[in-house]
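Each chain, written out:
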Amino acid sequence: MNQPDLGLKIAELRQQQGLTQEKLAEYCEVSTRTIQRIESGDVEPRSFTRNSLSNILGFDFGKENTNNQSFWLALLHMSSTVCIVLIPLFLWSWKKDQSYKIDRQGRDVLNFQITITLILLAFVLVLIVVPSILLMSQGLDRDANTLGNVFTLFPPLPILFLAIFTSYQAVVNTVRALSEKPIHYPLSIPFVK
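What counts and how
Residues numbered from 1 in each chain as written. Predicted model: local features only at pLDDT ≥ 70, side-chain atom pairs only at ≥ 80, totals over all residues. Heavy atoms only, no water. Helix = DSSP H or I, 4+ residues; strand = E, 2+ residues; numbered from the N terminus. Buried < 20%, exposed > 50% of the residue type's maximum accessible area, 1.4 Å probe, protein only. Contact = heavy atoms within 4.5 Å. Areas by Shrake-Rupley, 256 points an atom, 1.4 Å probe, with all protein chains shown as cover. Salt bridge = Lys/Arg side-chain N within 4 Å of Asp/Glu carboxyl O. Core = buried A, V, L, I, M, F, W, Y, C linked by side-chain atoms within 4.5 Å. 1 Å grid on protein atoms, 1.4 Å probe; cavity = no way out; pocket = protein on both sides within 12 Å on 5 of 7 lines; lining within 4 Å. Points joined across faces, edges and corners; volume = space filled by probe spheres on them. Nonpolar A, V, L, I, M, F, W, Y, C, P; charged D, E, K, R; others polar. Expected span 1.5 Å × (residues − 1).

Chemist: How would you explain the overall build of the protein if you had to name every residue and give the values?
Modeler: Looking only at helices and strands, one finds 9 helices and 0 strands in the protein. In sequence order, the secondary structure elements of the protein are arranged as α-α-α-α-α-α-α-α-α. Burial analysis of the protein (193 residues in total) assigns 36% to the buried set. Contacts in the protein between residues far apart in sequence, at least 24 positions, make up 69% of those at least 6 positions apart. As displayed, the protein offers around 11,200 Å² of accessible surface, 63% of which is attributable to carbon and sulfur atoms.

Chemist: Describe the pattern of salt bridges, with residues and values.
Modeler: In the structure shown here, the tally under the stated rule is 8 salt bridges. Of the charged contacts in the structure, one is a salt bridge between E26 and K23, with a shortest N-O distance of 3.8 Å. Note that E26 and K23 are positioned in helix 2 (residues 21-28) at a spacing of 3 residues, about one turn of the helix. Looking at E26, the relative accessible area reads 51%, which means it is exposed. Under the relative-accessibility criterion, K23 is labelled partly exposed at 33%.

Chemist: So what about the nonpolar core? Which residues, and what values?
Modeler: By size, the foremost hydrophobic cluster in this structure holds 15 residues, and its most contacted members are L76, W92, I102 and Y185. Of all the secondary structure elements, the ones that give two or more residues to this core are helix 5 (69-78), helix 6 (86-95), helix 7 (100-138) and helix 9 (156-178). A per-element tally of this core places helix 7 first, with 5 residues. Beyond its immediate sequence surroundings of up to four residues, W92 is in contact with L76, I102, D103, G106, R107, L110 and V192. Counting 13 residues, the second-largest nonpolar core is a separate cluster that includes L6, L24, C28 and L57.

Chemist: Describe the layout of surface pockets, and please don't skip the residues or the numbers.
Modeler: The probe, sized like a water molecule, is rolled over the atoms to show the empty space still left. Size it by volume and the largest pocket reaches roughly 160 Å³. For the largest pocket, the full set of lining residues is L73, Y100, K101, R104, Q105, D108, A177, E180, K181, P182 and I183. Here the lining of the largest pocket gets 5 residues from one element, more than from any other, and that element is helix 7. Residues that form the lining of the largest pocket fall into these classes: 5 nonpolar, 1 polar and 5 charged.

Chemist: Which residues make up helix 1 (residues 5-16), and what values go with them?
Modeler: A rise of 1.5 Å per residue sets the reference length of helix 1, with its 12 residues, at 16 Å; its end C-alpha atoms lie 16 Å apart and thus fit the reference within 8%. In terms of burial, helix 1 is a largely internal element, 9 of the 12 residues being buried. The complete set of buried residues in helix 1 reads D5, L6, G7, K9, I10, A11, E12, L13 and R14. Remark: G18 follows helix 1 within two positions and exhibits a positive phi of approximately 70°.

Structure, rendered in structure tokens:
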């Protein structure tokens, strides 16, 4: 893993473990300023420091494979066009240790997919299940059939808009990721941190 991704990953892991920069520097037997410079991306750590960081933080910083990173990022973002959380979850869990970008952006894709899936379930419940129950409870008279026809026409519209929105976000964020610009998925609830 190279800078600046290395520094970002070290800072993230250090914070997850509740370590201060001073404490991490003490464990690695380097100065606090060295840890600060590594985390900010100013310097590349020497092999001894990199090995110490790997041991203390429990992450192998030497095994990052960025050969096909662009391909995996594009596949990860485009997998969100299909409203199935399992596809990005599988890709992210398989490739997250190989690249900081795949790990970070994979979390964003997963959060977006989980949020969209919950919205989709809410649409199905509110627009299809509830009206169907109401219609069945009213019986099958002429007014109920007219009301039923209206409800069967309109539920696909919000679901269609949600599908278009999801596909649009996937394409835009794929292009942004491939052109090294920051990605953004609106409406995402941060389930995976």
